Amino acid sequence: MNVPASAGVPILRLGDVLVTGLLNELDDKSAVAFTEELTARITSDRARGVLIDISRLEIVDSFVARTLMELTTMARLLGARVIVAGMRPPVAITLVELGLQLTGVETALNAEQGMAALGWHQSLQPSGGVLREFRTE
Amino acid sequence: MSSARSSDHASGLGTVVRDVAEAEGSTSVHQVRTEEDLLTVRHAVRAATVRAGFSIVDQTRVVTAASELARNAYIHGGGGTVTIDHLMARGTAGLRLTITDDGPGIADIGAALADGFTTGAGLGHGLGGARRLMNDFDVRSAPGQGTTVIATRWASR
């Protein structure tokens, strides 16, 4: 894999969806590295969807909000749809009071629902009840 | 030197200054010189909110406000200090954040507090947004004389 600068956050590919997440300790440098890595992966993996899990974020300040909005716009310009999933309820309350609505950023309650919105569904296997992911389309 | 002060009168606590006591031995001072310092400040403020018995929503409000204000001091003020004080007023715990920098200062505090005002790369919600997350908010600044923000939040009951 040709990953020039790593933000230390894994970016996994499932079909044409990239799955990743933000860590609590996001600083300017790792935000820039993450943005570059993710946009490069969208192109190289021909991704059409990106799931960004933020359930580990204890706060979202205006810096993280700006990062999420910019990532969403960049991905859209590259033809990929971003869904930000798993925001904690206190974070949602604080963001609104802060005056930030993450305009233009699609959200989902959790990673599972975010993946469903991107076309992935979870189903019960008839034999043994094993959970399996499959792709509709 | 100009200043702007706001107080959340719903609680009524912020205005009763003489009843406010600083809990003994409960002041901590943190330098903001690097990006890593911003994370250190967040951790220290989080620990203080937990110690003060704040709810998870109040914890999140205060840590977010501290993050905005410390980042302002770092980016616009060229670094500064964050002082955390534990307060007690009529049985209610509070936290006071004092963020000081020796940067260029703010010429028009009223404009700086308005949403959408930005001289940097942020979203322009830092100062005004942080004010909404706290009960009391006081900005003192003048061109060439740095900026001091004093912000207090009381535990919700």
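Residues numbered from 1 in each chain as written. Chains lettered and ligands numbered in written order. Predicted model: local features only at pLDDT ≥ 70, side-chain atom pairs only at ≥ 80, totals over all residues.

**Student:** I tried to follow the environment of B:Thr40 on my own but got confused; where do I start?
**Tutor:** All names here are of chain B. You can see Thr40 is positioned in helix α1 (residues 35-51). For Thr40, a count of 15 C-beta atoms within 10 Å translates into the label partly exposed. Separated by 69 residues in sequence, Thr40 and Ile109 have C-alpha atoms that sit 28 Å apart. (Helix = DSSP H or I, 4+ residues; strand = E, 2+ residues; numbered from the N terminus. Buried ≥ 20, exposed ≤ 12 C-beta atoms within 10 Å, placed from the backbone.)

**Student:** Looking at this structure, I do not really get the pairing of strand β3 (residues 49-53) of chain A. What am I missing?
**Tutor:** Side-chain direction in a regular strand flips from residue to residue, so the side chains alternate between the two faces of the sheet. Residue and element names in this part refer to chain A. The element β3 is largely enclosed, with a buried count of four among its five residues. Relative to β3, strand β2 (residues 17-21) runs parallel, the two being bridged by five bridges. Counterpart to Thr20 in the pairing with β3 is Ile52. On the question of chirality, the crossover connecting β2 to the parallel β3 by way of helix α1 (residues 28-44) is right-handed. Bridging between β3 and strand β4 (residues 81-85) involves five bridges; their strand directions are parallel. Bridge pairing links Asp53 to Ala85 in β4. Note on the crossover from β3 through helix α2 (residues 62-77) to β4: the handedness is right-handed. (Pairing = 2+ DSSP bridges. Right-handed = clockwise from strand over helix to strand, strands pointing away.)

**Student:** Explain the sheet that holds strand β5 (residues 106-108) of chain A here, please?
**Tutor:** Within a sheet, adjacent strands bond to each other through the backbone by hydrogen bonds, running parallel or antiparallel. Residues and elements named next belong to chain A. One open sheet holds the five strands; their spatial order is β1-β2-β3-β4-β5, and the pairing between them is mixed. Of all the strands in the sheet, just β1 (12-14) and β5 have a single pairing partner and so form its edges. With direction set aside, neighbouring strand axes in the sheet form an average angle of 30 degrees. Sheet analysis places β4 next to β5, joined by three bridges and oriented parallel. Bridge pairing links Val84 to Thr107 in β5. (Axes fitted to C-alpha atoms, helices over the stretch in contact; angles between N-to-C directions.)

**Student:** Hey, could you run me through unusual backbone geometry in this one?
**Tutor:** Glycine aside, the phi torsion of most residues is negative, and most peptide linkages are trans. Phi at A:Arg46 is positive, roughly 50 degrees, even though this residue is not glycine. Topologically, A:Arg46 is positioned in the loop between α1 and β3.

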